[in-house]
Amino acid sequence: MATGGEGSGAGALPLRSRRGRTTPSLRLTGRREAVLLAGMLAPAAVVFSAFFLVPLARLFAIGGSGAAGWSAYLSVLTNPAHLSSLVSTVLLSLAVTAVTLAIATAAGLFLERNRFPGRSLLVALLTFPLAFPGVVIGFMVIMLAGRQGLVGEVSRALTGERLVFAYSMTGLFLGYVYFSIPRVILTVMASAEKLDPRLEEAARSLGARPWQVMAHVVLPALKPAFLSAGAICFATAMGAFGTAFTLATRIEVLPMTIYTEFTLQANIATAAALSFVLGLVTWVALALARNFAGSSVAAAG
Amino acid sequence: MTQPFHLEPVPIRMIRCAKTFDGGVRVLDPVDLEIGGGETLVLLGPSGCGKTTLLRLIAGLEWPDAGGRVVFGGEDVTALPIERRNVGMVFQSYALFPNMTVAENVGYGLRVRGIERLERARRVGEMLEMTHIAPLADRRIDQLSGGQRQRVALARALVVRPRVLLLDEPLTALDAKLRDTLRLEIDRLLQDLGITAVYVTHDQAEAMALGDRIVVMSKGRIEQIGTPREIYRNPASPFVAGFVGTMNRLPAEGGGGLLRIGGATLPWSGPMGPVEVMVRPEDLTVEPEAGAEGYTLPARISAAVFLGDRTRLVAETSDGTELTIDTDPHRPFARGDQIRLRIDPSRILSP
Ligand SMILES: Nc1ncnc2c1ncn2[C@@H]1O[C@H](COP(=O)(O)OP(=O)(O)OP(=O)(O)O)[C@@H](O)[C@H]1O
Ligand SMILES: [Mg+2]
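Residues numbered from 1 in each chain as written. Chains lettered and ligands numbered in written order. Predicted model: local features only at pLDDT ≥ 70, side-chain atom pairs only at ≥ 80, totals over all residues. Heavy atoms only, no water.

## Considering the nonpolar core
Note that soluble globular proteins tend to have their nonpolar side chains buried in a common cluster.
Here is step 1 of the chain: If you look at the biggest cluster of nonpolar residues, it comprises 126 residues, and the most contacted ones within it are Phe72, Phe97, Leu165 and Leu166 of chain B.
Here is step 2 of the chain: It is helix H9 (residues 169-193) of chain A that provides the largest number of residues to this core, a total of 10 residues.
Here is step 3 of the chain: The residues touching Phe72 of chain B, leaving out its near neighbours within four places in the chain, are Val10, Pro11, Ile12, Ile58, Val77, Arg85, Val87, Arg163 and Val164 of chain B. (Core = buried A, V, L, I, M, F, W, Y, C linked by side-chain atoms within 4.5 Å. Buried < 20%, exposed > 50% of the residue type's maximum accessible area, 1.4 Å probe, protein only. Helix = DSSP H or I, 4+ residues; strand = E, 2+ residues; numbered from the N terminus. Contact = heavy atoms within 4.5 Å.)

Dropping the structure here:
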C-alpha cells in the first residue's frame, strides 16, 4: 500500500474504521487494518503457495522439460493414445455425471417428499459410500461383476454364460456412479427441501399435469443444485484413480495413463504435462458450472 | 381499460365437508355451505381457525373426510384433483414461477392447455392490460414490487377463465396503502368478471369491503354467515361481535320494562335479570354535562385519540367497565374529563 494513501487516511481514521466495521466488505483503511488483514490471510497464503502454486508452477515447468520440450503439452492432442485416453475420460465422466444426476434426483426427490418408517435408515445407507476410498469402491465392483461376482453367478445359472464386466470401463462407470450418488442425493434433498410447495400448487391449479409440474417448476428450481453437484461429480470422475487401479491397469483413463507414463516408462515430463491438462479440464468444468449456477441463481431471485 | 370478458357464474356447494389431518386432529367440523354463482364470499376468522383448509377443500388441494362432497354447478368435483377442477388460485406468497417472465407466468395456464402461441399472446396481453401491468410483460419476477407481483398472480389465475377464483390472504403481505388500492381493484375486477370468488382474510375491514357475504369462522366451526351489514349489526355470537368491529360489553339488569346500566335507565323489552348488553362505539353519544340525567351514563375519559375523521375515546364507568366511544373530531376531549354517555336503546345488541 502506498505511504501517501496511509497518510491521507490517518486523519479520518476513527470515522472510517468505524464504517469499515459495519460494512460487510472489509476495507483497507489504515495501517493497523492492513496489518491485521495481512496477518489473517498469511496462513492461507502460505498453504496456498506451498501446496498449490509452487507445485503447480513446478509441474508446469517439468511438463516442458522433457526431450520433446513444450510440445509435451501438445502430445495430448497429437499422441493418439493420450488423446483417446483424454476423450474416454471426459466421456466417462460425462456419462457418470448424467446417470448419477438422473438416479440421485429421482431418489432425492422421493426421499425428501415421503415420510415412511425406515426412511432415515435408507438415507444413511444410500449416503454411506461417501466415506469409502476409491479402492474399496473398486473391490465392491469386483464383488458384484468380477470373475467370482454376483452378476457372473446369476448369469451363469440363467444362461450358462458368465457375465463379467468389472475390469473394464463399464466396471469403472458403475463404481463411480455408486460413489457419486450420495453427494448428489444430499445436495438434491437439501435443495428440494427449500422448494416452495405453493409453486407446485399454483402450477397444478393452472391445469399442469404432474410431469409438467416436474418439468416446468421443480427441475428448473433445482438447476443450481444440479450444476454444483454435477460439477463435483464430473471432477471426481475425471480423477478416478483408486477405483481404476483396483479394477485393472489397462483401463485407459487419464489418471491411469499418467501413472503408466510416470512409473513404468519414467516419462516424467509427459506425466506432468498430462497432469496439468487433467487439472485444467477439471478446473474449467467447475468454473463453467459456477458461472452458470451464479447466473441462474440471480435469475431465480 | 379494455372490455373485460365475462365468466359463466358457477355456484358452489359444500356438503358435510369436514377435515381431519393425519394424526387425528380435526381442524374443520362438518361444513355445509352454498356459494351463489358470481358471489364473492369472504372467509373471516382468527389465525388457525381453518380458513385456508376450507379454501383448499374447495380448490381440490385437500380431500374432505368421508361423506363430504364438493359440487361446482351441476358437477360433483369431490374426486377431482385441483388440476381437473379449473379453479384460479391466488396465494399470499404470490407463488410466481421465478424461472419465467411476467408474460410467461401469466401465459402458463394457457401453455399447459396447449393453446397455440398467437392466441396465447393475445389473451395474455388482454389480461395484462386488465390488471395494469402490460409494461412489465418482459420483466423477471425478482424485478417486481409486492403489489406488482400480486397483480401478476391475479392475472395468471384469471387468464384461464376459471370457474371459481380462490384467494388466500392475497393482500396480507402488502403495506396498508397498497392494500387499499388493490382491494378496490380486486373488488371491481370480481364485479366486472362476474366470477364466483372465495376470499380468505383475517382482516375484518377487508372482509366488509369485499364480501357479498361473510363467513365468520372460529376453531374449525362456522360462527355466522351473512352480509357485512348482518354480521356487523346482528352478530350471532359473542365471538362474532368481538371479532368484527369493536364492541362494548356492559353488565346490566333488566326488569319492569326497564334496563339499568350503571346509573342509566332505558326502556327495555328484553329478558329480565342480569344481562350483558353490547353497543358499538359509534352508538354511544357524548352528552353535555347537564344532559337528561336519568338516561345517561357517567364516565371518565382515560384516553382520547384524534383519528382525523373522528375521535376515539376510552372511558371508564363508575363500576370500572371500560368503554370505547367514537365521537365528533371537532370537540376537544382530554384525559380525566368527566362525560355522560347516551345509549340509543334501538342500537343495543343483545346476544
Ligand atoms: N397439513 C396439515 N397437517 C396437520 N395440521 C394442519 C395441516 N394444515 C393445517 N393444519 C392445522 O389446521 C388448523 C387450521 O389451519 P388453517 O391453515 O386452515 O388456518 P387458517 O385459518 O388459514 O390460519 P391463518 O390465518 O394463520 O392462515 C391449524 O391448527 C393448523 O395447524
Ligand atoms: Mg391461512
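## Quick look at the site of ligand 1
Residues and elements named next belong to chain B.
Here is step 1 of the chain: Taken together, Phe21, Val27, Pro46, Ser47, Gly48, Cys49, Gly50, Lys51, Thr52, Thr53 and Glu169 make up the full set of residues near ligand 1.
Here is step 2 of the chain: In this structure, Cys49 approaches ligand 1 through a main-chain N or O atom, which is 3.2 Å from an oxygen atom.
Here is step 3 of the chain: The side chain of Thr53 places a nitrogen or oxygen atom 2.5 Å from an oxygen atom of ligand 1.
Here is step 4 of the chain: Summarising the interface, the protein chains cover 57% of the accessible area of ligand 1, which totals 640 Å² for the free molecule.
Here is step 5 of the chain: A per-element tally of the shell around ligand 1 places helix H1 (residues 51-59) first, with 3 residues.
Here is step 6 of the chain: Its residues assigned to classes, the shell around ligand 1 shows 4 nonpolar, 5 polar and 2 charged. (Near = heavy atom within 4 Å. Polar contact = N/O pair within 3.5 Å; in protein donor to acceptor, adjacent residues only side chain to side chain. Areas by Shrake-Rupley, 256 points an atom, 1.4 Å probe, with all protein chains shown as cover. Nonpolar A, V, L, I, M, F, W, Y, C, P; charged D, E, K, R; others polar.)

## Looking at the interface of chain A and chain B
Here is step 1 of the chain: Facing 20 residues of chain A, the contacting portion of chain B comprises 25 residues.
Here is step 2 of the chain: Both sides together, the interface formed by chain A and chain B hides about 2,000 Å², and carbon and sulfur atoms give 58% of it.
Here is step 3 of the chain: Taken together, the connections running from chain A to chain B amount to 2 salt bridges.
Here is step 4 of the chain: Salt-bridge contacts for Arg204 of chain A lead to Glu83 of chain B; the nearest nitrogen and oxygen are separated by 2.9 Å.
Here is step 5 of the chain: Secondary structure elements with two or more residues in the side of chain A that touches chain B: helix H10 (197-205), helix H11 (210-238) and helix H14 (268-300) of chain A.
Here is step 6 of the chain: Per-element tally for the side of chain A that touches chain B: the top contributor is H10 of chain A, with 7 residues.
Here is step 7 of the chain: Looking at the side of chain A that touches chain B residue by residue, the classes come out as 11 nonpolar, 5 polar and 4 charged. (Buried area = accessible area lost by both parts, 1.4 Å probe. Salt bridge = Lys/Arg side-chain N within 4 Å of Asp/Glu carboxyl O.)

## Thoughts on the sheet that holds strand S18 (residues 322-327) of chain B
All names here are of chain B.
Here is step 1 of the chain: Taken together, the 5 strands give an open sheet; going across it, the order is S15-S19-S16-S17-S18, and neighbouring strands pair in antiparallel fashion. Across the chains shown, the open sheet's two edge strands, defined by having one partner strand only, are strand S15 (284-287) and S18. Sheet twist, expressed as the mean angle between neighbouring strand axes with direction ignored, is 45 degrees.
Here is step 2 of the chain: With 6 bridges connecting them, strand S17 (residues 311-317) and S18 associate as antiparallel partners. Paired with Arg312 across the strands is Asp326, a residue of S18. (Pairing = 2+ DSSP bridges. Axes fitted to C-alpha atoms, helices over the stretch in contact; angles between N-to-C directions.)

## Digging into the domain arrangement of chain A
Residue and element names in this part refer to chain A.
Here is step 1 of the chain: Domains assigned within chain A are domain 1 (35-64) and domain 2 (74-293).
Here is step 2 of the chain: Across the interface of domain 1 and domain 2, roughly 450 Å² is buried in total on both sides, 86% from carbon and sulfur atoms.
Here is step 3 of the chain: Looking at the side of domain 1 facing domain 2, the largest losses of area belong to Leu59, Ile62 and Gly63, adding up to 72% of the total buried there.
Here is step 4 of the chain: Summed over the shared surface of domain 1 and domain 2, the number is 0 salt bridges. (Domains from an automatic or database assignment.)

## Observations regarding the sheet that holds strand S1 (residues 12-21) of chain B
Picture the strands of a sheet paired through backbone hydrogen bonds; they go either parallel or antiparallel.
All names here are of chain B.
Here is step 1 of the chain: Spatially, the 4 strands line up as an open sheet ordered S2-S1-S4-S5, and their pairing is antiparallel. At either end of the open sheet lies a strand with only one pairing partner, and these are strand S2 (25-35) and strand S5 (75-76).
Here is step 2 of the chain: As judged from the 7 bridges shared by S1 and S2, these two strands associate in the antiparallel manner. In the strand pairing of S2, Thr20 is matched with Arg26.
Here is step 3 of the chain: Here H1 sits on the sheet in contact with S1, S2 and strand S4 (69-72), set at roughly 120 degrees to S1.

## Some thoughts on H10 of chain A
Here is step 1 of the chain: Within the span of H10 of chain A, buried status applies to Leu199, Glu200, Glu201, Ala202, Ala203 and Ser205 of chain A.
Here is step 2 of the chain: Where the residues of H10 of chain A are buried, they touch helix H5 (80-113) and H11 of chain A together with H1, strand S6 (87-90), helix H2 (102-112) and helix H4 (146-158) of chain B.
Here is step 3 of the chain: Two or three places before Arg198 of chain A, at the opening of H10 of chain A, Asp196 of chain A has a side-chain oxygen 2.9 Å from that residue's backbone nitrogen.
Here is step 4 of the chain: Phi for Gly207 of chain A, located one or two positions after H10 of chain A, is positive at around 100 degrees.

## Examining the pattern of salt bridges
Residue and element names in this part refer to chain A.
Here is step 1 of the chain: What the rule picks out here adds up to 29 salt bridges over all chains.
Here is step 2 of the chain: Put simply, Glu153 and Arg156 hold a salt bridge, and the shortest N to O gap is 3.6 Å. Of this pair, Glu153 and Arg156 both sit in helix H8 (residues 150-159), 3 residues apart, roughly one helical turn.
Here is step 3 of the chain: Among the residues examined, Glu153 registers a relative accessible area of 34% and is labelled partly exposed.

## A closer look at the side chain of Ser218 of chain B
Here is step 1 of the chain: Note on placement: Ser218 of chain B falls in strand S9 (residues 213-218).
Here is step 2 of the chain: When neighbours within four sequence positions are excluded, Ser218 of chain B is seen to be in contact with Cys49, Glu223 and Phe239 of chain B.

## Here we look at the state of the cysteines
All names here are of chain B.
Here is step 1 of the chain: Summed over all chains, the structure comprises 0 disulfides over all chains.
Here is step 2 of the chain: Not part of a disulfide, Cys17 finds its nearest cysteine sulfur in Cys49, a span of 16 Å.
Here is step 3 of the chain: Judged by relative accessible area, Cys17 falls into the buried class, the value being 0%. (Disulfide = S-S within 2.5 Å.)

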